[in-house]
Structures are given as structure tokens and as C-alpha cells.
Amino acid sequence: MAIILDGKAYASVVKEKTKAEVERLGLTPGLAVVIVGDDGASRIYVNNKKKDCAECGIKSEEFALPAEAGQDKLLGLIDELNNRDDINGILVQLPLPEGYDEQVVIQAIAPHKDVDAFHMENVGRVMDGNFTFAPCTPYGVMRLLEHHGIDPAGKHCVVVGRSNIVGKPMAMLLLHKHATVTICHSRTPDLAEMTRKADILVAAVGKPKLITADMVKPGAVVIDVAINRGDDGKLCGDVDYAPVEEIASHITPVPGGVGPMTRAILMENTVIAAKKASGK
Ligand code: GUN
């Protein structure tokens, strides 16, 4: 039976500390949350982020544009937010509807307000290892590992998924902590052969039950980043949870694992941005 890496519980601690830091600084950090179109999952994520802001003493302002607003209108809004002193962080919820170029939109966000760390300047800093903001999901995973005394140094970490948001920066953050890292993806010929070598296995693909028990080394740490809707309508990750939990040493549940950590780090990043802007 694995130890459960309870992201929900630790995220509450991180948010409490963030709230205390806001009070200590005597600032009201501002986060602009931009949502375009009517994607149901995005709406839930945005509502959760607004709730977290309220818990931490951060002022959140939502900007909801219809899908037909168009990229120029969105870029105009980002420009306005870049120039507002009361807004410290700008988050454009992804994915954007068809017709928008996500890269163009993300690169329009001022790097010092890019609390997602998706702007090229911040991507480069993460690559270099000298960063102000780290992307919320992979950094949330690192913090959860650290909190449970799991040190990636010298371990073989296998990251399944190569997205810009999770897979690539996850690999980089593990590398900075002296892990040996393998990144697998849809064209990896024998995925199971690779995952069985993992001391720490991170699944970030978006396919229910992709990682079955025979693909996991007994005693491995298993991190499930995905949030999928299973055939039974319930939320699930990429890991076939019940049988994998029998053999792993540690495992993140879905929901209640990585997701809450992502949001807690977003709060931290917003406070870091506000602190820097204030010169405190
Ligand atoms: N969509 C899925 N994950 C994320 C995230 O971390 N940030 C933003 N902006 N959009 C997302």
C-alpha cells in the first residue's frame, strides 16, 4: 500500500503561508484571469483559481471574452493589463478557441506578470535554473516531492508526456535537482520498458489507465498529473490507480493530488510578482 501524496492537504498549508506573506507585506496582489470562449473544464479551473485568490488575500479580476472576440481584442486586453499597476499577474486560461495563436498571445504578456511562466523569457530562465516563476504544475510536483522528503538526486525519473506546460519543464526541474531524466511520448517504441525503469514516474498525457501496474517498478514514486473524465463519468488520471497503489511506494490521487498544488503555486507566483513590483 502506497503512501498517498495528499496535494490537497499540502496546498492548504502553502496557501495559508501565502496569505500570511500577503498580510506581512501589507499589499493587495492583483491577478487577472482571462478566459476566452465557453470550455466547461476551463470555466471550472478559472472559478477554482478565483476561490484560491480570495483565500489568500489576492484580488482576482476575471475577463471573459466570447470565442468570437478575436485575437486582436485579446491582445488589446493583455496590453491594458500589462500597463495596470494594480495587476501583478496575468493568466490566460488555455486552451484558447480555434482561430487564436496561443504562442502569440502568451508572448504578449509582460514577462514580469507571467505567473504561468509560459513566456519565452521565463521558459529560458527555467531552462537555465535561475528563475523567478516556475510553471505551476511541474513546480507544484517538485514541492510535493520535497514536502514528503523525496529527493530526485541520483534517481531515474521518467516523464511521460512532452508538453510545454508540463512534460518539458517537469524534466528540466527534475534535472536541476540532479535526477537522471527520460522523457517518453507517443512515439516512444516500448513505453512499458521505459516506465519500469523509473524510480519516480510522472504521467502527464491525458489518457485514462495509460499506466498499468505492470509498467511500474515496485516501490516507485508515481505522480499523476492528468485530469481525465473516465468511462464511468468520474475524474481520473493517467494511472490505473487501484492496482498501481498496491505496488508503488508513494502515489498522488486524482483528484486531490497535483491539481491543488498547481493552484497553490499560482498564488505564490502572484505574490512574488506583487512583492517584486512593490520593491519590498
Ligand atoms: N490550462 C491547463 N493548465 C493550465 C495552466 O497551468 N495555466 C493556464 N493558463 N492554462 C492552463
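What counts and how
- Residues numbered from 1 in each chain as written.
- Predicted model: local features only at pLDDT ≥ 70, side-chain atom pairs only at ≥ 80, totals over all residues.
- Heavy atoms only, no water.
- Core = buried A, V, L, I, M, F, W, Y, C linked by side-chain atoms within 4.5 Å.
- Buried < 20%, exposed > 50% of the residue type's maximum accessible area, 1.4 Å probe, protein only.
- Helix = DSSP H or I, 4+ residues; strand = E, 2+ residues; numbered from the N terminus.
- Contact = heavy atoms within 4.5 Å.
- Near = heavy atom within 4 Å.
- Polar contact = N/O pair within 3.5 Å; in protein donor to acceptor, adjacent residues only side chain to side chain.
- Areas by Shrake-Rupley, 256 points an atom, 1.4 Å probe, with all protein chains shown as cover.
- Expected span 1.5 Å × (residues − 1).
- Arc of directions from axis to C-beta.
- Pairing = 2+ DSSP bridges.
- Axes fitted to C-alpha atoms, helices over the stretch in contact; angles between N-to-C directions.

Draft legend 1. Representation of the nonpolar core. Ranked by size, the top nonpolar core spans 27 residues in total, and within it Leu174, Ile223 and Val225 carry the most contacts. Contributing elements (two or more residues each) for this core: helix 1 (7-25), helix 6 (136-147), strand 5 (156-160), helix 7 (167-176), strand 7 (200-203), strand 8 (221-224) and helix 10 (258-278). Setting aside anything within four residues of it in sequence, one finds valine 225 in contact with Thr137, Val141, Val166, Val202, Ala203, Ala204 and Val258.

Draft legend 2. Representation of the site of the ligand in the model. Around the ligand lies a shell formed by Leu91, Val92, Gln93, Leu94, Asp116 and Phe118. Valine 92 places a polar main-chain atom, nitrogen or oxygen, 2.8 Å from a nitrogen atom of the ligand. Between the ligand and glutamine 93 there is a distance of 3.3 Å, counted from a nitrogen atom to a side-chain nitrogen or oxygen. Taken by itself the ligand offers 270 Å² of open surface, and the protein chains cover 80% of this.

Draft legend 3. Broad picture of helix 2 (residues 40-56). With 17 residues, helix 2 ought to run about 24 Å at 1.5 Å a step, and its terminal C-alpha atoms sit 25 Å apart, in line with that. When we look at burial in helix 2, the residues that qualify are Ser42, Val46, Asn48, Lys49, Asp52, Cys53 and Cys56. When helix 2 is viewed along its axis, its buried side chains cluster within an angular range of 160° and face the same direction. Of the exposed residues in helix 2, those oriented more than 90 degrees away from the buried face are Lys51 and Ala54.

Draft legend 4. Spatial organisation of unusual backbone geometry. Following leucine 94, the chain continues into proline 95 via a peptide bond in cis, with omega recorded as 0°. Valine 254 connects to proline 255 through a cis peptide bond whose omega is 0°. One non-glycine residue, histidine 178, adopts positive backbone phi at about 70°. Of note, histidine 178 is situated in the loop between helix 7 and strand 6 (180-184). Judged by relative accessible area, which is 60%, histidine 178 ranks as exposed. Unusually for a residue other than glycine, lysine 209 sits at a positive phi of about 60°. Looking at the element boundaries, lysine 209 is found in the loop between strand 7 and strand 8. Given the relative accessible area of 55%, lysine 209 is considered exposed.

Draft legend 5. Up close: the sheet that holds strand 2 (residues 30-36). Ordered in space as 3-2-4, the three strands form an open sheet in which the pairing is parallel. Both edges of this open sheet fall to strand 3 (59-65) and strand 4 (89-92), since each of them pairs with a single strand only. Mean inter-strand twist for the sheet, computed between neighbouring axes without regard to direction, equals 15°. Sheet analysis places strand 2 next to strand 4, joined by four bridges and oriented parallel.

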